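Breakdown of the fold
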Amino acid sequence: MGRMIGIDLGTTNSLATYIDDNGKIQFVKNEYGNILIPSVVGIDENGDIIVGELAKERRMRNSGETASNFKRKMGTSARIKIKDRVFDAQMLSSIVLKHLKENAERQLNEKIDRAIISVPAYFNDKQRKDTKIAAELAGITVERLINEPTAAALSLGSHILDRNLKFLVLDLGGGTFDVTLLETFENIMEVISISGDTMLGGEDFTTKICEIFLRNIQKSVLDLSRDERIKLYTKADRVKKLISIKDVEIEMEIVEKNYKTEITQKEFREAVKPLLVKIKNAIDKALQDGNTNAHEIEKVILVGGGVKLGIIEEFVEKYFNKMRGENTYLDNMNFVDGKKLVSIVQNPDTVVAYGVGVTVGMKERNKAFKERILTDVCPFTLGIEVIGQRFAPIISRNATVPTSRAEFFSTTEDNQTVIRIAIYQGESLNIAENLFLGDFEINVPRNLAGRENVEVRFTYDINGILEAEVTALSTGEKRNKLIINGEMSEEEKNERIKILEELKIQSENQYKDKLLIERANRIFSEIVNMEIRNRISTYLDKYSLIVRTGDKISIQKAKKEFTNFLDKIDPEMNDLGIDDILLDINENEDKENMEEDELEFWN
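Residues numbered from 1 in each chain as written. Predicted model: local features only at pLDDT ≥ 70, side-chain atom pairs only at ≥ 80, totals over all residues. Heavy atoms only, no water.

In the nomenclature of an unreviewed UniProt entry, the chain corresponds to 2-alkenal reductase from the organism Leptotrichia buccalis. As its UniProt record puts it under Sequence similarities (unreviewed entry), the chain is described as follows: "Belongs to the heat shock protein 70 family." (UniProt positions renumbered as here; feature names shortened; annotations may be inferred.)

This model, assessed by the stated rule, comprises 33 salt bridges. For Arg 114, the salt bridge is made with Asp 113, and the minimal N-O distance between the two is 3.7 Å. Judged by its relative accessible area of 16%, Arg 114 is buried. The salt bridge involving Lys 273 is made with Glu 270; its shortest N-O contact spans 3.2 Å. (Salt bridge = Lys/Arg side-chain N within 4 Å of Asp/Glu carboxyl O. Buried < 20%, exposed > 50% of the residue type's maximum accessible area, 1.4 Å probe, protein only.)

Together, Glu 491, Glu 492, Glu 495, Glu 501 and Glu 502 line one region of the surface with negative charge. Within the secondary structure layout, Glu 495 lies in helix H12 (residues 490-502). According to the relative accessible area criterion, Glu 495 is partly exposed, its value standing at 47%. (Patch = residues over 30% accessible without salt bridge, like charges linked within 9 Å, V, L, I, M, F, W, Y side chains within 5 Å. Areas by Shrake-Rupley, 256 points an atom, 1.4 Å probe, with all protein chains shown as cover. Lys, Arg positive; Asp, Glu negative; His and termini not counted. Charge placed at Lys NZ, Arg CZ, Asp CG, Glu CD. Helix = DSSP H or I, 4+ residues; strand = E, 2+ residues; numbered from the N terminus.)

Now for the sheet that holds strand E23 (residues 390-395). Here four strands make up an open sheet; going across it, the order is E23-E22-E26-E27 and the pairing antiparallel. On the outer flanks of this sheet lie E23 and strand E27 (435-443), each paired with one strand and no other. Recorded for the sheet is a direction-independent mean angle of 30 degrees between the axes of neighbouring strands. As defined by bridge partners, strand E22 (residues 382-386) adjoins strand E26 (residues 418-425) across three bridges and the pair is classed as antiparallel. (Pairing = 2+ DSSP bridges. Axes fitted to C-alpha atoms, helices over the stretch in contact; angles between N-to-C directions.)

To continue, consider the packing of aromatic side chains. The full count for this structure, using the stated rule, is six aromatic pairs. With centroids separated by 5.6 Å and ring planes inclined at 50 degrees, the aromatic side chains of Tyr 543 and Phe 562 adopt a geometry described as tilted. Within this pair, whereas Tyr 543 is found in helix H14 (residues 530-549), its partner Phe 562 is found in helix H15 (residues 552-569), the two being separated by 19 residues in sequence. For the pair formed by Tyr 543 and Phe 562, the shared burial category is buried. (Phe/Tyr/Trp six-rings, centres within 6.5 Å; stacked < 30°, edge-to-face > 60°.)

Here strand E25 (residues 403-410) runs beside strand E28 (residues 453-460); their pairing, made up of eight bridges, is antiparallel. Looking at the pairing, Glu 407 lines up with Val 456 of E28. Here E28 pairs with strand E29 (residues 466-472) via seven bridges, running antiparallel. Each bridged residue has a counterpart across the sheet, and for Arg 457 the counterpart in E29 is Glu 469. Hairpin remark: E28 followed by E29, antiparallel, with five residues in the connecting loop; positive phi at Gly 464, about 80 degrees.

In an α-helix, one turn spans 3.6 residues; hence positions three or four apart end up facing the same way. With 20 residues, helix H2 (residues 89-108) should cover 28 Å at 1.5 Å per step; its first-to-last C-alpha distance of 28 Å lies within 8% of that length. Judged by how many residues are buried, H2 sits mostly within the fold: 15 of 20 residues are covered. Downstream of H2 by one or two residues, Asn 109 has phi in the positive range, about 55 degrees. (Expected span 1.5 Å × (residues − 1).)

Below, the discussion takes up the side chain of Asp 197. Summarising the element assignment, Asp 197 is placed in strand E14 (residues 188-197). Despite its burial, Asp 197 pairs with no opposite charge; the closest candidate is Lys 278, at 4.3 Å N-O. Here Met 199 takes part through its backbone nitrogen, which lies 2.8 Å from a polar atom of the side chain of Asp 197. (Polar contact = N/O pair within 3.5 Å; in protein donor to acceptor, adjacent residues only side chain to side chain.)

This part covers the sheet that holds E29. Pairing in this open sheet of four strands is antiparallel, and the strands run E25-E28-E29-E30 from one edge to the other. Looking at the sheet topology across the chains shown, the edges are occupied by E25 and strand E30 (478-483). Between one strand axis and the next, the sheet turns through 15 degrees on average, direction left out of account.

With that settled, the discussion passes to the nonpolar core. Of all hydrophobic cores here, the largest spans 52 residues; its most connected members are Leu 168, Phe 205, Phe 213, Val 300, Ile 312 and Phe 320. If you tally residues by element for this core, the top one is helix H9 (residues 273-289), at seven residues. If you count residues domain by domain, this core takes at least three from each of domain 1 (3-200 + 348-375) and domain 2 (202-263). Those residues within four positions of Ile 312 in sequence are excluded, and the remaining contacts are Leu 172, Phe 205, Leu 276, Ile 279, Gly 306 and Val 307. (Core = buried A, V, L, I, M, F, W, Y, C linked by side-chain atoms within 4.5 Å. Domains from an automatic or database assignment. Contact = heavy atoms within 4.5 Å.)

Residue placement: Lys 73 occurs in the loop between strand E7 (66-67) and strand E8 (80-82). Measuring from C-alpha to C-alpha, the distance between Lys 73 and Ala 89 comes to 5.8 Å, with 16 residues separating the pair along the chain. Not counting residues up to four positions away in its chain, the partners in contact with Lys 73 are Ala 78, Ile 80 and Ala 89.

What follows is the structure, given as C-alpha cells:
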C-alpha cells in the first residue's frame, strides 16, 4: 500500500500536503518549487498535454488551447473543447490530480495511491461522485471527501479549537462559496449547518470589473476575440487585488486599438452588490438552519483566495453589526477577547489544504495530531418521489451524520403489486427540480389502495454513502440499494483510464525549457508599451541563441538574467505603473553594469 496525501482540488489553484517523519504537515511542490498549482490544462503545439503553470502562461495568447474553471462544471454533462479534443470536467480534474500525485511521488520518492480530498460543502451528490471518479482515474483511492470549510476549521490553532466556541467559517474560493456554522467543546468539533453557492466565487468579482471596463469604453464582450477576453479577464483579476484600497486603471489593445479607462471603487462597489446579496443570503440560511442568532456568533473566519478582497471583510463586519443592532463600524461588541469578530486567516489560499493534511494525520492516527472528534452534516435533503411527482424528505439537510431515519409510505392504487423507490436529493417540493440518485423496487401483496405499507429507511455516513432500505410490513420482505459517491462500472473506468494513458503529458524537463519563453510571450501580449516590448524581444532573441549552443553554464546564466528581467516587468508580480517599471529597470541595469565594471577592474 502506498502513501496517503491530502488534496485541495480548487477552481483556480490546487494544492497537496503530506505528513513528514516528524509529524509535521508539508506542502507538495511542483517542478518549479511552487505549492500553488494553477488548475489549468492545455494542449501545446505538439499535441502534448500541459498542466499548471505552463498551461496558465499559454492561456493568455492561446485561449482555445487551454481550459480552466472546470470545477464549476463538475456534476454536469458539459463538454469542454481544447483544440480538437473534447473533455468533461471529470477528466480534466483527473489530469490535475494526476499531476499533483506525480509531484508528490517525485518529492517523496514513494508511491502515492490514497488521498483525502476536499470539496465545497455545498457540492451535491453528483459533484462529489465526479470528484471521486476523477481521483480514481488518476490512480488515487479516495479515503474520504471532506468539506472545504470543515478542513479550514481543522487548520485553526488551539486558541480557537480548544475553547467552547460557536463560530462561522466563510470560504470564498475562486469559483465556489461556502458558509459553515460550527461549535467546539471538549475536543469535539461539530458542524451545525452549512450553506453556500457553487456558482459564486472570486472569479465573479473579476467578471464585474470586466463589465465595468467594457461599459466605460462602450464595447460589448461580443466585440472581443476569445484571446482578448482572456487578456481582459487576467488584467481585471490583477487590479481586483487593489481596488479595495484605491481606484485602478486598465489598459489594453482591442483590434489593434489601445483603450485605457479608470475603474473607481464606487463603480466596483455598485457592480458587486448582487454578489454581496448572495453572500448575505447564504449566511442567513446557515444561521437559520442552525437555529442560531447572530449574537451567538463569537468568531467569523474568512478563508479562500477570494476573501483577500477588502470589500468581503468589510461587508461581513457590517452584516454582523447590523444583525446585532450596532450602529458604529467598530462598536465594542464587535470584539471577542479584544479581537475583531471577523478575521482573515493568515494564509487563506493554503488553509484548506493544511486542514486536509490535519485530517490525514487524524486518519492515520499520527501521534503528532491531537485526537478530536469531528462531526459533519448532510449537505442536502434526501428523500423519495411520491404521488403527484412530489418530493418526500427522509433525511433533512444539515442533519448530523452518520444518521439513520425512516418514514412510512402506502400503496396508491387498488391491486398494486410493486412499489418503486426513486431516491432524490434537493430542496424543492417539485421532484423534477431535485437530483435523481437511483431507484429500486419491492413487491407487495395485491390489496386495496392504502392497505399495503412499507418502511423506507435512509442511512447516511460521513463519507457520503447512502443506504436506502425498504421493508414491506405485511410480508417482512426487504430490499436495499447503496448509493456511493464515485460508483462506476469497471468497464467504464477501464475505458476512461485507457483514454488518459493515451494522452501524452509533457515531461518535467520539457516544462522547464518552455515556461520562461511562454512567460515572456504572455507579458509581451499584456504590455502595450513599445520600449518594454522591444526589451522583451531582445532578451528573447538572446536567450534563444544561447539555448541553441547547448552550453549548460551559459544557458543557466542567461535563464537567471532573463528571469530577473521578467520579474521586474511582470504585471502578475508587481503593481507599478509603466513609468515606475522603466525607472526601476534602468536603475537596476545601471547598478548591475557598475558591479560588472568593478569586478572587471579588480580582476
